[in-house]
Amino acid sequence: MVLKMTFRPPPSSQVEQHPIPAYKTNVPRNANMAKLQAGYLFPEIARRRAAHLLKYPDVKIISLGIGDTTEPIPNVITNAMAERAHALSTIDGYSGYGAEQGEKKLRAAIAATYYADLGIEDSDIFVSDGAKCDISRLQVLFGSNVTIAVQDPSYPAYVDSSVIMGQTDLYQQDVQKYGNIEYMRCSPENGFFPDLSTVPRTDIIFFCSPNNPTGAAASRDQLTKLVKFAKDNGSIIVYDSAYAMYISDDSPKSIFEIPGAKEVAIETASFSKYAGFTGVRLGWTVVPKELLFSDGHPVAKDFNRIVCTCFNGASNIAQAGGLACLSPEGLKAMHDVVGFYKENTEIIVDTFTSLGFNVYGAKNAPYVWVHFPGRNSWDVFAEILEKVNVVTTPGSGFGPGGEGFVRVSAFGHRDNIIEAARRLKQLYK
């Protein structure tokens, strides 16, 4: 008789697991990438928002966090882009690669609109796919052997791109700073402008005005001091003016309003927050011909080489939109959009002020900087998200100087801003 034996494998929990190792190349990881702390700020906020929605799928989340525009692009601008797009379907209207520096008409319009009487020529302007992209191109221009200073708090792209380029030492957990970066503290106590007498010399100074996240705009006197500081130290200022159109007082809208700035400064700017171009992608960087490296070589020549190597030029459709932005009708439409968001800031300021909070910014920027003394800013972020389903941005994500604050963005539909205000009053009444 033949016995049939059936093999029954033991439960999987009793089987010794031997995972097959993944294939690895022999290429070492960029050590600078390993220095970066967790994820970039805004994707991390998006991750937490998504996790909250997964847990509570029926809630309506109002996002006042990332600072993405919400209102439609004005028709005068989209009509110009549509016309350019349709022209690409014709023999006469088709165009392929354009100038890496941007179309001459657009460069001339930017110079005439934003830099009239400031000595900036269209040849000084490089049109791009946005200020954030240009910040990284500028970092490639400067290389890994430079030292940098940033406002604290500041837009995280300055610090993260510096880390990636190898300009920094390791992250120091105890002080929440990277080594070899000079953090220039900007707080209510100093009017959100650093005490330059305490700032050591660095090669590059990143400076944003109106500032993201604090909303503070530097005065003419303050920027005069900054330009003198850079000139005395032989430094280069990278001046981010992405929110200049939000300025409603006499604060300078461009660093080049300050005498001598063309010898020490580069300026980046963008249509993103003026015309709703966060998805269209169009900006520019000004590199004056007067700006020279220590060996006398023009900075603009090297930046042109970087642009020609790393970039094929902004979309011709986007550039048609940019040209429409700078027409009389387009400028009026952009001012209307900016005015709408500034009305939103007033609602947010009134909300937090009525609740007894100290708030900053807002007057010259689409951001409200709210102080929660003694609180961890990520805890405040979580509290507001979990209790009233509103997304903000924790201040510490912008640097150690942002601890105890949250940034509230005014980019939102009016009904959402009003509803968020109602929920916040309910939470903190």
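Residues numbered from 1 in each chain as written. Predicted model: local features only at pLDDT ≥ 70, side-chain atom pairs only at ≥ 80, totals over all residues. Heavy atoms only, no water.

The next thing to look at is the side chain of Glu267. The topology assignment puts Glu267 in strand β9 (residues 265–270). Within the buried set, Glu267 has no salt-bridge partner at all; the shortest N-O distance to an opposite charge, 11 Å, is to Arg220. Only 2.7 Å separates the side chain of Glu267 from the side chain of Tyr115, close enough to count as a polar contact. Of note is the side chain of Glu267, whose polar atom sits 2.9 Å from the side chain of Ser254. Non-local contacts of Glu267, meaning those with residues more than four positions away in its chain, are made with Tyr115, Tyr239, Ser241, Lys253, Ser254, Ile255, Phe256, Trp284, Thr285 and Val286. (Helix = DSSP H or I, 4+ residues; strand = E, 2+ residues; numbered from the N terminus. Buried < 20%, exposed > 50% of the residue type's maximum accessible area, 1.4 Å probe, protein only. Lys, Arg positive; Asp, Glu negative; His and termini not counted. Salt bridge = Lys/Arg side-chain N within 4 Å of Asp/Glu carboxyl O. Polar contact = N/O pair within 3.5 Å; in protein donor to acceptor, adjacent residues only side chain to side chain. Contact = heavy atoms within 4.5 Å.)

Attention now goes to unusual backbone geometry. Omega for the bond connecting Asp152 with Pro153 falls within 30 degrees of zero, at 10°, which places this linkage in the cis form. Mapping Pro153 onto the fold places it in the loop between β3 (148–152) and α6 (156–165). Across the junction of Ser209 and Pro210, the peptide omega takes the value -5°, indicating a cis bond. Along the chain, the position of Pro210 falls in the loop between β7 (204–208) and α7 (220–233). Despite not being glycine, Gln176 has its phi angle at roughly 55°, a positive value. For Gln176, the position within the fold is in the loop between β4 (171–172) and β5 (177–178).

It is worth spelling out the side chain of Ser254 at this point. Its location among the elements puts Ser254 in the loop between β8 (236–240) and β9. Among the residues examined, Ser254 registers a relative accessible area of 2% and is labelled buried. Setting aside chain neighbours within four positions, we find Ser254 in contact with Tyr115, Leu118, Tyr239 and Glu267.

In this section: the UniProt feature "domain: Aminotransferase class I/classII large" (unreviewed entry) in the chain. UniProt tags residues 60–424 as "domain: Aminotransferase class I/classII large" (unreviewed entry). In this annotation, residues 60–424 is assigned 37% helix and 16% strand; the end-to-end C-alpha distance for the span is 14 Å. (UniProt positions renumbered as here; feature names shortened; annotations may be inferred.)

With that out of the way, let us pick up the sheet that holds strand β14 (residues 393–394). As summarised here, the arrangement of the four strands in space is β11-β12-β15-β14, forming an open sheet in which the pairing is antiparallel. Here the strands that pair on one side only, and so sit at the sheet edges, are β11 (359–361) and β14. Direction of pairing for β14 relative to strand β15 (residues 405–409): antiparallel, over a ladder of two bridges. When the sheet's bridge partners are listed, Pro394 is paired in β15 with Val406. Across the sheet, helix α11 (residues 328–354) lies against β11, β12 (367–371) and β15, angled at about 10° from β12, the strand it touches most. (Pairing = 2+ DSSP bridges. Axes fitted to C-alpha atoms, helices over the stretch in contact; angles between N-to-C directions.)

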